[in-house]
Amino acid sequence: MDTIEQLIVCGGCNAKIGPGSLGELLADLPKSTNENLLVGFDSTDDAAVIKLRDDLAIIQTLDFFPTMVTDPYLFGKIAAANALSDVYAMGGEVLSALNIVAFPEEKDLTILKEILRGGAEKVQEAGAILAGGHSIHDHSVKYGLSVTGTIDPNRIYQNNTCQIGDHLVLTKPLGVSIITVGYSAEEISQEGFDKATESMQTLNKYAMDIIRKYEITSCTDVTGFGLAGHLHEMLNGQFSAEIQSSQLPYFPEAYEGAKEFILTAGGQRNRNYMAEKMDFVVNDFAIEELLFDPQTSGGLLVSVPEAKVEELVAELSAAGIPAQDFGKVIEPAEKEIIVY
C-alpha cells in the first residue's frame, strides 16, 4: 500500500464545547415530556433512553470530532470507540451504528477509506451492525458514529445517582489530551503516545461486562469535560467528593508533560468552569491539569458502595483493566470536590 497522507492534530474531545457554555445553550431549549423518554438531554447524561416495552428500551447517542492523531486508521478506531462508549456508560449493549463523516473535497479518498476501516473494525469488535451513514464535504476531517443500543429499562445506569459513602472508580488512566498535544510538539515520547492511543482505542465494553455484575449506583464515561467535570455532573449539586491524588490512575508521561506546562485549550476551559468548585489541598499543578484534561475515549467513572469496591477493582484488574479506587462521595462540604 502506498504511504497515506497524515492527518492534522486538532481535535478529539479537546474540541468539545465547554461545560459552562453548553449548559447555557441547552437551558432554554424545549424539553420532551413523552412518558417513554426515560433519559433525555435535560439530565446531561451520556445518551438518551427510550422505553419500547416493559423489558426493553433503546439507547441513542452520537459522537464525532476532528482528528487528534495523524494516522487515519488509528483515528477511525479511536473515534468509533469513543462514540460506542456512551452506550456502555448507560449499562447497555450496542446494537447498530451509522458513520458520520466530514471530509475535504480536495483530500485523497484513501485517507477516508482508512478512517472508515478503523471505525468498522471497532463496531465489529463491539458485536454491532454498521448499517450505513452520512458524509459531507468540509474544510477539516471529522468522524464519528450515531449509535443505537439496547437495555432493560430497570437496569439503566445514570450519571447523577451516586450516594453518600460510595467509592469512586475510574477504569482508564488520565492524560490522553496532554499526551497527544505533547507528542505532536515532539515533547512526549513514542512510548507514552503508544500507551495513550492503546487506551483510547480500547472499548469500554470489557469494563462494563464486569461492572454489570455489581450493584453500582451511578456511571458515566470521562470525555471532554475531564474527570473533574464529569464528577461534578455525578454529584448533581447534592454531595461533595474527596479525591486521593495518590490513587488517581494517570499516564506518567502526561504527569511529566503537565509539569512542563504542556496544556490543552479544552483543559483550560474545564479549569475555568470547575476551579471555584474545587479545593486543592494537594499542592501539585500537574495533578490539577490531569483532573481538567479532556479525555478522548476515556474510562468509565463508577460510584459503587464501599462494601463492593474492593471486589470490583480486583476483578477489573484481573481482566487487565487498570481500574483504581481513587475517592469517595461525602456529605456536602464548602467545596464540591476536595483533592488531597
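Residues numbered from 1 in each chain as written. Predicted model: local features only at pLDDT ≥ 70, side-chain atom pairs only at ≥ 80, totals over all residues. Heavy atoms only, no water.

### Observations regarding the sheet that holds strand S4 (residues 93-103)
Two strands in a sheet stick together by hydrogen bonds in their backbones, pointing the same way (parallel) or opposite ways (antiparallel). Let me state the cut-off plainly: Here a strand pair is declared whenever DSSP counts at least two bridges between the two strands. Going along the chain from the N terminus, every DSSP run of H or I of four or more residues is numbered as a helix, and every run of E of two or more is numbered as a strand. Comment: axis = line fitted to C-alpha atoms, over the contacting stretch for helices; angle = value between 0 and 180 degrees taken between N-to-C directions. Throughout, a residue-residue contact means that at least one pair of heavy atoms, one from each residue, lies within 4.5 Å.
Strands sit in the order S1-S2-S3-S6-S4-S5 across an open sheet of six strands; the sheet is mixed. The outermost strands of the open sheet, each flanked by one partner alone, are strand S1 (37-39) and strand S5 (129-137). The mean angle between the axes of side-by-side strands here comes to 25°, regardless of whether they run parallel or antiparallel. Note that strand S3 (residues 56-66) and strand S6 (residues 142-151) share ten bridges and pair antiparallel. Looking at S6, one finds that isoleucine 58 is bridged to threonine 150. Sheet strands touched by helix H3 (residues 109-125): S4, S5 and S6. Its angle to S4, the strand with the most contacts, is close to 170°.

### Quick word on the pairing of strand S9 (residues 240-243)
In this sheet, strand S12 (residues 324-330) lies alongside S9 in antiparallel orientation, the contact comprising four bridges. When the bridges of S12 are listed, alanine 241 appears paired with valine 329. Across three bridges, S9 lies against strand S13 (residues 337-339) in parallel orientation. Its bridge partner lying in S13, alanine 241 is registered against isoleucine 337.

### Side note on the side chain of asparagine 82
Put simply, the rule reads: Burial classes follow relative accessibility: with a 1.4 Å probe on protein chains only, a residue under 20% of its type's maximum area counts as buried, one over 50% as exposed, and anything between as partly exposed. Residues adjacent in sequence count toward polar contacts only when both atoms are side-chain atoms; beyond that, a polar contact is any pair of N or O atoms within 3.5 Å, and within protein one must be able to donate a hydrogen and the other to accept it.
With respect to the element layout, asparagine 82 can be found in helix H2 (residues 72-89). Since its relative accessible area comes to 1%, asparagine 82 is described here as buried. Within polar-contact distance, the side chain of asparagine 82 engages the side chain of aspartate 63 at 3.3 Å.

So, to be careful, I would describe these as geometric facts and stop short of saying anything about function.
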